[in-house]
Amino acid sequence: MLRATGIDIGATGTRWVSVGQFWGAAQKETSLPTGGSSIANLGADKLTFRRMSVPHVGRDIQAQVVREELSFSLPFSLEEAAWDWLEKDEMASVVVAFNEDIVAMRQAIGEHATIDAEPFSFLRALLEAKQTEALVFDFGATHTTVCGIKDRALEWIKVSLRGGQDLTKRLAQAHNLGEEEAEQHKRSLGCEDPICTSWLKEIIDSLALSSRPSFSSVFICGGGAALPGLSEKLQEYCGKEVKLFPLPESLSAYSDVPAYGAALAGKPRRPKVELCPPVQKSTDLPLIYIFWIALLIIMGTLDLELRHATLANLQQQQHTVISAAIQKEAPEMASLPVAEIPAEVEKRLTRAQQISLSSPENYTATLAAVDKAMSPLTNLEVRTIEFKPDNTGKNTLVLLTGLAESAQQVEEFRSACDKVLTQADLIDNRAGANSTTRFTIEGQLRQQ
C-alpha cells in the first residue's frame, strides 16, 4: 500500500507520521519509511505570510499577480526566497521562505522529500477532522504559532517567540532554579504560577483578538499544550471552550499534529504548497523523440519562410500607424526609432506616477486619511508624521510616531493605517509613562 510520510523537525526531536495515500489509517513511525512520498514542514517561524486577492484564472496569471504584490510589499528581494500559494474564492494564502532556510531543510531531509509550510499542515489536519474554521494554538519549544482558519482557508498566522524554553528560563530566573528544576516546576504547577499566566497573556495580547473575526472553535496542540491549567486560562482569555486538536486515536495532539498534517499533503486533492521544486529527472531523450523533434524543426522552418513576407508587410503597416499616432500625440518623440518608443512611453508614465505620488495634494490627502483613522481611538496621539524617500528612491516612506493607551490600541491604529498606507508595519513599540505605549509605524505612501 502506498503511504505518504510527514516529517516534523522540531527543537526537541524529529517526528514522523504516515498515512495511506488512498486508504489506510494514520500511524506514528520511528524513522522515515522506505518507499512512498515524504513531505517535510518548514516551521512557521521561518515563513512570511501574506493574504491577497487574485483573479480566479489559471495559475500562470495568478503567479504574476502574486509576484507583483510580493515584490511591492516584501522588505527583501524575491530572488532571495521561494514562495507558493493556495487560492480559494479569489483570495490567495501566500507563504514565502528564504532560500537559505530551504537549503538547510533540504540538507536535513534529503533530496527526495517535498518541502511544505507548517501552517498548511494545521489547515489540512483540521479539514481532515471535518472542521472548517478554528483558532489553532501550537505551543512549541522555541515559539508559539497561532493560525486563524475560516471557511476552509488560512486567514492569518501569528508567530510568537514565547515558547516552552522561554517560559522555563523565566521560571528559573524568577525562582533561582536550575533548568531541570524550573522545567519540573513548570510541569507540576503550570498556570498556578503567575509567571506562566503572564507568559500566556503576553501571547494573547500580541494577537489583538478583539480586532479579528471570531472563531467557532479553539484548539491547542504542541508540547506546551500539556501545561497544567493552560486550557482553562486560555478559555478565559478567548471566551470560547478550548479543546485539544482533534486527531485519530493513534496520534497525540501534544506531538503529532504538524507531522500528520504534512503527511496529508501526500493524499490526492488536499491543499498543498511546494517551497522547493522536485528533483530534476534525467533529460536524455530516446532516439525516436530526437527524430520527431528534428522533423518538427524542419517543418517549422519552412512555415516561417512562408510567413516572412506577410509579417514584413504587416510590420510596415504597423510602423506607419505608430508613426502617425506619435506625430499627432507626442511630436517630440517622432524622431525616435520605433523600437525605442515603448521604453520612452513607459519612462514617461513612471515619471508622471512618481510626480503624482509625491504631490502636495497626495501628502494632504494622506494626512487627512491618517486623522480619520485615529479619530475613533480616544486618547491616541500622533506626535510626528515624517515623509522620506526609501532606500531605492522610488517610493516614499511615512513614519508615524505617537502615544497610545495600550498595545492593543496601537495594533488597532496600525490595522487602520493599513488602509491608508502600503504595508503599515509596527517598527517600534515600547512602554511609556503612566502605563502608556509609545509606538512608531512605518508604511509606504500611496495614491489616496
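Source: prediction; values computed, not measured.

What counts, and where the lines are drawn
Residues numbered from 1 in each chain as written. Predicted model: local features only at pLDDT ≥ 70, side-chain atom pairs only at ≥ 80, totals over all residues. Heavy atoms only, no water. Buried < 20%, exposed > 50% of the residue type's maximum accessible area, 1.4 Å probe, protein only. Helix = DSSP H or I, 4+ residues; strand = E, 2+ residues; numbered from the N terminus. Pairing = 2+ DSSP bridges. Phe/Tyr/Trp six-rings, centres within 6.5 Å; stacked < 30°, edge-to-face > 60°. Lys NZ or Arg CZ within 6 Å of the ring centre and 35° of its normal. 1 Å grid on protein atoms, 1.4 Å probe; cavity = no way out; pocket = protein on both sides within 12 Å on 5 of 7 lines; lining within 4 Å. Points joined across faces, edges and corners; volume = space filled by probe spheres on them. Nonpolar A, V, L, I, M, F, W, Y, C, P; charged D, E, K, R; others polar. Contact = heavy atoms within 4.5 Å. Axes fitted to C-alpha atoms, helices over the stretch in contact; angles between N-to-C directions.

**Describing the pairing of strand β4 (residues 37-42)**
Among the 6 residues in β4, 5 count as buried, and that is most of the element. Where strand β1 (residues 3-10) and β4 come together, 4 bridges link them in parallel fashion. Counted as the bridge partner of Ile7 is Ala40 from β4. Summarising the sheet, β4 and strand β8 (residues 114-117) pair through 4 bridges and their orientation is parallel. Counted as the bridge partner of Leu42 is Ala117 from β8.

**Details of the packing of aromatic side chains**
Enumeration over the complete set of coordinates arrives at 8 aromatic pairs. Centroid distance Phe137 to Phe139: 5.8 Å. Interplanar angle 10°. Geometry classified as stacked. The exposure class of Phe137 is buried, given its relative accessible area of 0%. The structure contains a cluster of three or more aromatic residues connected by ring pairs, namely Phe137, Phe139 and Trp199. Between Lys150 and the ring centre of Phe215, over which it is positioned, the NZ or CZ distance is 4.8 Å.

**Comments concerning the layout of surface pockets**
One number sums up the size of the second largest pocket: a volume of about 1,000 Å³. Residue lining of the second largest pocket: 45 residues in total, with Ala11, Thr12, Gly140, Ala141 and Thr142 positioned closest to the centre. Among the secondary structure elements, those contributing two or more residues to the lining of the second largest pocket are β1, β4, α2 (99-109), β9 (134-139), α4 (164-175), α5 (179-189) and α8 (257-264). Here the lining of the second largest pocket takes 5 residues from α4, the largest share from any one element. Taken together, the residues of the lining of the second largest pocket break down into 18 nonpolar, 14 polar and 13 charged.

**Describing helix α12 (residues 407-417)**
For α12, every residue scored as buried is listed here: Gln409, Val410, Glu411, Phe413, Arg414 and Cys417. The elements touched by buried residues of α12 are α11 (360-374), β14 (381-389), β15 (396-404), β16 (422-431) and β17 (437-444).

**Focus on the sheet that holds β15**
The sheet built from 4 strands is open, its strands ordered β14-β15-β17-β16 with antiparallel pairing. Each of the sheet's edge strands pairs with one partner strand only, and the pair in question is β14 and β16. Here the strands of the sheet are splayed against their neighbours by 15° on average, with no regard to which way each runs. Relative to β15, β14 runs antiparallel, the two being bridged by 8 bridges. For Phe387, the partnering residue across the bridge sits in β15 and is Val398. Along the sheet, α11 contacts β14 and β15; its crossing angle with β14, the most-contacted strand, is approximately 150°.

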